[in-house]
Amino acid sequence: MSNRAYNFNAGPAALPLEVLQQAQEQFVEFENSGMSLMEMSHRGAIYERVHNETEQLVRELMGVPDGYKVLLVQGGASTQFAMVPMNLLKPDQAAAYVATGSWATKAIKEAKLFGEVAIAASSEADAYKRIPSLDELNVPGNAAYVHLTSNETIEGTQWAEYPDTGDVPLVADMSSDILCRPVDVSRFGLIYAGAQKNLGPSGVTIVVVREDLVGAPSMTVPTMFRYDTHAKSGSLYNTPPSFAIYMANRVLNWVKAQGGAAGVERLNREKANLIYSTIDASGGFYKGFANADSRSIMNVTFRLGSEELEKKFVKDSEAAGFVGLKGHRDVGGLRASIYNAVPLSSVKALVDFMGEFARTNG
Ligand code: PMP
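Just so it is clear, the model here is predicted, and its values are computed rather than measured.

A. Fine view of the UniProt feature "binding site: L-glutamate" (unreviewed entry) in the chain. UniProt records the feature "binding site: L-glutamate" (unreviewed entry) at Arg43, using the numbering of this structure. With respect to the secondary-structure elements, Arg43 resides in the loop between helix H1 (17-27) and helix H2 (45-62). Residue Arg43 is classed as exposed on the basis of its C-beta count, with 9 C-beta atoms lying within 10 Å.

Below is the structure:
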């Protein structure tokens, strides 16, 4: 399909063309059933197979060990900001958070509704241009968990290496980098991610949680906000977002065909390196926002010499078929989101455009 835009949207974001085409083929009638998947009971055999296979694909591709539940829930990662403290925090405990940027700040704000929050480390003084180093972490003795944001979508920073928090469960928001690289799940107590960047369309949120953390919460928690509700029912306590889960299933199968997390990581690093080396070789025309050691391979943030020039970059890029390169209003500048499904050809087109723009405006 030749009229596909060079899509660098931050989320919802580019999906694999093959997945969209397959969904199109299966849209009106699913597997000779006489109806669309969206018209079927979520208690029926056909949907149940799609549902269970999706959970299995998450297990397989993330290498989820025994002793963990994989939940498919709704409400986005923003609902997890509340569900994590509601379910994991006990009286007399503190919730420890690493303040790395815009999304960590939202998670912290929500946790404060439910109890004491300790900031284990923060890069606020450096305008969130970096991920704190592992030895900066200061976890209080009464911490229920340590929460980090694996990839700060807005600032364009990413943890290169995760901290070892010993017996204190590590909780990670992986909304914008889940399955972009292999991760050792056994090091985490809980991982959550909204689907709409690396896993599919919006509407479903993946939670991978160690079984010992799925228990009765110590505070009053509405049924839908309890992990044990979803764990006991195989994520079928109520009507699931069946179409979003079907799409996630197809995206996960696509990731598998790319060689799984290791396969997509190779391509992700190649894509990120192309853009970062264009920035670094521009003689200061492009300036990376994140410190070099904290650069994200999912969201590349950069600035130009003036806001006027940045506006021109956005305008000219749009005229050339690029979408989504304007940075988030909190940080300004420019951002190229290069999730798993953004093809190398789009990134090559972008670095060509960046080179040309620097030559004509430098
Ligand atoms: N965390 C991160 C790192 C994000 O990038 C986002 C969405 N951009 C969220 C949380 C919020 O996700 P949702 O919109 O699914 O609530």
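B. Spatial organisation of the domain arrangement of the chain. Taken domain by domain, the chain comprises domain 1 (18-257) and domain 2 (260-361). In this structure, domain 1 and domain 2 have C-alpha centres spaced 27 Å apart. Opposite the 23 residues of domain 1 that make contact, domain 2 presents 24 residues. Looking at the side of domain 1 that touches domain 2, its residues break down into 8 nonpolar, 8 polar and 7 charged.

C. Focus on the site of the ligand. As a matter of local geometry, the ligand sits amid Gly11, Gly76, Ala77, Ser78, Trp103, Thr149, Thr153, Asp173, Ser175, Ser176 and Gly194. Examining the composition of the shell around the ligand, we find that 3 residues originate from one element, helix H3 (residues 76-88), more than from any other. Residue composition of the shell around the ligand, by class: 2 nonpolar, 8 polar and 1 charged.

D. Highlighting the nonpolar core. Membership of the largest hydrophobic core comes to 102 residues, with the highest contact counts inside it found for Tyr97, Leu190, Ile206, Val208, Val209, Ala248 and Ile338. It is helix H6 (residues 242-257) that contributes the most residues to this core, 8 residues altogether. Counting only domains with at least three residues in this core, you end up with domain 1 (18-257) and domain 2 (260-361). Here Ala248 is in contact with Thr54, Ala195, Leu199, Gly200 and Val204, once residues within four sequence places are set aside.

E. Molecular detail of the sheet that holds strand S5 (residues 143-149). In spatial order, the strands read S2-S10-S9-S8-S5-S3-S4; together these 7 strands make up an open sheet with mixed pairing. Whereas interior strands pair on both sides, the edge strands pair on one side only; in this sheet they are strand S2 (68-73) and strand S4 (116-122). Averaged over neighbouring strand pairs, the angle between their axes works out to 20 degrees when direction is ignored.

F. Representation of H3 within the structure. Spanning 13 residues, H3 covers 18 Å between terminal C-alpha atoms, matching the ideal 18 Å at 1.5 Å per step. Ala82 marks the point of greatest bend in H3, at about 25 degrees, and the proline Pro85 comes within the next four residues. Those residues of H3 that fall on the buried side of the exposure criterion are Ala77, Gln80, Phe81, Met83, Val84, Pro85, Met86, Asn87 and Leu88.

Calculation notes
Residues numbered from 1 in each chain as written. Predicted model: local features only at pLDDT ≥ 70, side-chain atom pairs only at ≥ 80, totals over all residues. UniProt positions renumbered as here; feature names shortened; annotations may be inferred. Helix = DSSP H or I, 4+ residues; strand = E, 2+ residues; numbered from the N terminus. Buried ≥ 20, exposed ≤ 12 C-beta atoms within 10 Å, placed from the backbone. Domains from an automatic or database assignment. Contact = placed C-beta atoms within 7 Å. Nonpolar A, V, L, I, M, F, W, Y, C, P; charged D, E, K, R; others polar. Near = placed C-beta within 6 Å. Core = buried A, V, L, I, M, F, W, Y, C linked by C-beta atoms within 7 Å. Pairing = 2+ DSSP bridges. Axes fitted to C-alpha atoms, helices over the stretch in contact; angles between N-to-C directions. Expected span 1.5 Å × (residues − 1). Bend = angle between axes of the 7 residues up to and from the residue.

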